[in-house]
Structure formats: structure tokens, C-alpha cells
Amino acid sequence: MQHEQTTSTLQLSYAKAINAALNRALKEMPETLLFGEDVAKPGGVFGVTKDLQKEFGSARVFDTPISETAMLGTAVGAAMCGLRPIVEIMWIDFSLVAMDQIVNQAANVRYVSAGKLQAPMTIRTQQGALPGSCAQHSQNLEAMFAHVPGLRVGLPATVQDAYDMLLTGIACNDPSLIIENRGLYHTLTEPVTLNGPVQSSFDAHITRSGCDLTIVTWGSMLHRAHEAAHALQAEHGVNAEVINARWLAPFDWPTLQQSVQKTGRLLIVHEANLTGGFGAEIAARVHAECFTALKKPVGRLATPDIRIPAAPHLQAAVIPCAKNIIQKARELVS
């Protein structure tokens, strides 16, 4: 993807940063298409794709029937034929009806063709619990997809992430799944640099330096981790290092390992359910590869193994918050 020489920095919401990334991709890459349920005329159920059809026309930005299977099957075929489709799956829960297209087809294209074909397609979706969201609209399924070889899986946590990671996924020649968080769409506004070079690396970011404890997380939990880290420093004298993992597939193991070697303690935080969550993979590998550096066993904090309730007070009781992170961190450094 070509990029303009002049960058600009603007205050944008998480949603508008995604819109800006899509606009840039459609402008600079004529092989890109954008389609999904209500992405064109309505501008997306969350307004993320607003006005893109007006600018790029109905041949490149269009609405589809309510069929995730058809959307993703079309995307696989289009990608194999030289296009670069971007498909919006309204809720990650809905991707489950199209697991064959994602897992058996898209992720396998390069392997089964011995590298002669590729599937440069991007799936945009969102997850996370919000007050009133039902149990079929509130699941966190990143570990399920990170388990599949051949898929790139990223979870943007900041406005800059929302812009940069989507462009990285679109430019990648493997199928990419970008899992946004709908709770951040219109609540998170930050400075974002536009039109910079498109990143080709899948690295984690250390967003707060520390020496007593490493906290690694992704998606919306990054902001709760930062809230907890500031309180730990101010109230308890604990200096926590915070890592925004950003990509789970591929995962940036060297950045995490170097941090754990420095702090000797690790706390993994994610909104997904505890059992089988990606935090379990991180814990297993850190115990295997950084065992001598650990001063305490790796800690994990996640949502219990339950269906997500719709009631706000029940969600608040089960989803990790800053208070939970502080308590778990203090146990690790005691």
C-alpha cells in the first residue's frame, strides 16, 4: 500500500479512526472491496462505515444479505482471484455460523495450494459486553481464532491501534481477523497520526514501563489495566509495566519475555472466560521459557466460566475491573 508523504495528527474517536483507515485503503488500493450487513447506505450499525459508499460507489462498498456464510465464502473466492475484500461481521458471535469459510477455507488457502494462492481478506468484527447485551451478543472469542494456523488475529485497544492495525490487516496477504470493541467506538477519543507508513510487523507495545510486575492484556482491558497501574503506584508503591499485546496471532513473545525477565512477575488480564482463554497459552509458555525468572507463579484474571448476563450490575460483578486487577497484582507482589 502506498502512503502519502504528509502525515497529520487529529483527535478522533475509535470509530472514526477505523473509518479513516477504511477510506485510505479504498483510496490507495483499487483491489479493495468493503461489504457486509448494513455497511453501505446505513453506514454500519455503529456508524463506522458512514459515507464510504458515497465516496467510493456501490460497486466497491455494498450491503449484503443476512448470511455470514455467503459473505465470507464470497470473500475467500474474491481474495483468491486477486481482490482484497474487507468484510464486516456485525457481531463476532455471528462468525460462528461461518466457521467453515474462516477455518477450513480462508486459513488453508496458502497451505493447500503450496503457496501458489493466497487469501488477502480482512474480517472486521467486534465483541465485548455492554449493559443490555444478550448472551448471543457479548462473547469474547479471540482464543478460538488465535488457535487456527493461517489466521492473523488482532484486537486494537487504542485509537491509533484501530487505525494502524486495520491497515496492517488489509495489506497482509494472509486472512486477518480484526476484533474491535464496541464499547470503545464512541467513548474513546485520542490523538491519531494518519497517513503514516503502513506497519508490516505484528508487535506488542509497552504502554507503561515498570519494574515490579508485568501486566499483559489486549482490547478494552488495556484501559482498566492502566487505571489499576496508576492506583498501584500511587497507593501501594507498586510499579507495574503494562503491555498491550495487540496481536494474538502472531503473538509478540520476545517483548513479553523481556518484560518478565525484568519484573519476575506476570499478571494476564482478559475479558474472555478464564478456561481455555488465550491467557492460558501465555501462562503455559512463560512458565516453560521464563521459569527461572519468575518470583511467583503467573497470575490470571478473567471473566468466570459463565454466560454473560445482560443486567449492568451483574456484568460489573463478573467482568474484570481495575479493583480486581489491583487486588490480584498485590497478591503477586506481596
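Use the structure listed above.
Conventions adopted
- Residues numbered from 1 in each chain as written.
- Predicted model: local features only at pLDDT ≥ 70, side-chain atom pairs only at ≥ 80, totals over all residues.
- Heavy atoms only, no water.
- Core = buried A, V, L, I, M, F, W, Y, C linked by side-chain atoms within 4.5 Å.
- Buried < 20%, exposed > 50% of the residue type's maximum accessible area, 1.4 Å probe, protein only.
- Helix = DSSP H or I, 4+ residues; strand = E, 2+ residues; numbered from the N terminus.
- Contact = heavy atoms within 4.5 Å.
- Axes fitted to C-alpha atoms, helices over the stretch in contact; angles between N-to-C directions.
- Parallel < 35°, antiparallel > 145°, perpendicular 65-115°, else oblique.
- Left-handed = near helix turned anticlockwise from the far one by under 90°.
- Nonpolar A, V, L, I, M, F, W, Y, C, P; charged D, E, K, R; others polar.
- Phe/Tyr/Trp six-rings, centres within 6.5 Å; stacked < 30°, edge-to-face > 60°.
- Pairing = 2+ DSSP bridges.
- Polar contact = N/O pair within 3.5 Å; in protein donor to acceptor, adjacent residues only side chain to side chain.
- Salt bridge = Lys/Arg side-chain N within 4 Å of Asp/Glu carboxyl O.

A.B. asks: Talk me through the nonpolar core; I want residue IDs and the actual numbers.
C.D. replies: Ranked by size, the top nonpolar core spans 47 residues in total, and within it L256, L266, I282 and V286 carry the most contacts. Ranked by the residues each element gives to this core, the list is headed by helix α3 (residues 68–80), at five residues. Dropping the residues within four chain positions of it, I282 is found in contact with W218, F251, W253, L256, L266 and I268. Membership of the second largest hydrophobic core comes to 34 residues, among which are Y14, I86, L167 and W247.

A.B. asks: Break down the packing of helix α8 (residues 221–236) against helix α12 (residues 322–333) for me, with residues and values.
C.D. replies: Two elements in contact, α8 and α12, have axes separated by 8 Å at closest approach and are oriented at 55 degrees. Here α12 runs oblique to α8, going by the angle between their axes. For the element pair α8 and α12, the recorded crossing hand is right-handed. Between α8, through R224, A225, E227, A228, A231, L232 and H236, and α12, the contact on the second element is made entirely by A322, I325, I326, A329 and R330. Its residues placed into classes, the contact of α8 with α12 shows eight nonpolar, one polar and three charged.

A.B. asks: Any details on unusual backbone geometry? Residues and values, ideally.
C.D. replies: Cis geometry is found at the peptide bond from A249 to P250, where omega equals 0 degrees. Unlike most non-glycine residues, N195 shows phi in positive territory, near 70 degrees. When you line up the elements, N195 lands in the loop between β8 (189–194) and β9 (205–208). Its identity as a non-glycine residue notwithstanding, R246 has a phi of 65 degrees, on the positive side.

A.B. asks: Please set out the packing of aromatic side chains residue by residue, giving values where relevant.
C.D. replies: If you walk through the whole model with that rule in mind, you get nine aromatic pairs. Between F35 and F62, the ring centres sit 5.1 Å apart and the planes meet at 10 degrees, which makes this aromatic pair stacked. Placement of the pair is F35 in strand β2 (residues 32–36) and F62 in strand β3 (residues 61–63), with a sequence separation of 27 residues. Judged by relative accessible area, which is 2%, F35 ranks as buried. For F62, a relative accessible area of 26% gives the class partly exposed. Their ring planes at 45 degrees and their centres at 5.7 Å tell us that F251 and F278 sit as a pair that is tilted. Placement of the pair is F251 in the loop between β12 (247–249) and α9 (253–263) and F278 in helix α10 (residues 278–289), with a sequence separation of 27 residues. As far as burial versus exposure is concerned, F251 and F278 are alike and both buried. Three or more aromatic residues joined by ring pairs make a cluster, and in this case those are Y14, F46, W91, F94 and Y185.

A.B. asks: Which residues make up the sheet that holds β2, and what values do they have?
C.D. replies: Strands belonging to one sheet form pairs held by backbone hydrogen bonds; the direction of such a pair is parallel or antiparallel. Across the sheet, seven strands lie side by side as β3-β2-β4-β5-β7-β6-β12; this open sheet has mixed pairing. Looking at which strands have only one partner, the edges of the open sheet turn out to be β3 and β12. Adjacent strand axes in the sheet meet at a mean angle of 20 degrees when their direction is disregarded. As defined by bridge partners, strand β5 (residues 122–127) adjoins strand β7 (residues 176–181) across six bridges and the pair is classed as parallel. Across the sheet, R124 pairs through a bridge with I178, a residue of β7. The strands touched by α3 are β2, β4 (84–89) and β5; relative to β4, the strand with the most contacts, the crossing angle is about 165 degrees.

A.B. asks: Break down the environment of E55 for me, citing the residues and quoting the values.
C.D. replies: Of note, E55 is situated in helix α2 (residues 52–56). Considering only alpha carbons, one finds E55 and G237, 182 residues apart in sequence, at a separation of 53 Å. Contact partners of E55, with chain neighbours within four places excluded, come to N23 and K27.

A.B. asks: Please set out the side chain of E241 residue by residue, giving values where relevant.
C.D. replies: Tracing the chain through its elements places E241 in strand β11 (residues 240–244). For E241, the side chain forms a polar contact with the main-chain nitrogen of G210, separated by 3.0 Å. There is a polar contact of 2.7 Å between the side chain of E241 and the side chain of S259.

A.B. asks: Residues and numbers for the pairing of β5, please.
C.D. replies: Consecutive residues of a regular strand have side chains that alternate between opposite faces of the sheet. Counting buried residues along β5, six of its six residues qualify, which places the element largely inside the surrounding structure. Of the two faces of β5, the one lined by T122, R124 and Q126 and the one lined by I123, T125 and Q127 are each fully buried.

A.B. asks: Let's hear about the pattern of salt bridges: which residues, and what values?
C.D. replies: Under the defined criterion, the tally for this structure stands at 12 salt bridges. A salt bridge links D161 to R246, with the shortest nitrogen-to-oxygen separation between them at 3.0 Å. Here R246 lies in the loop between β11 and β12 and D161 lies in helix α7 (residues 159–171), a separation of 85 residues in the sequence. R246 matches D161 in its accessibility class, with the two residues each being buried. One network of salt bridges, in which partners are shared, links E88, R124 and E180.

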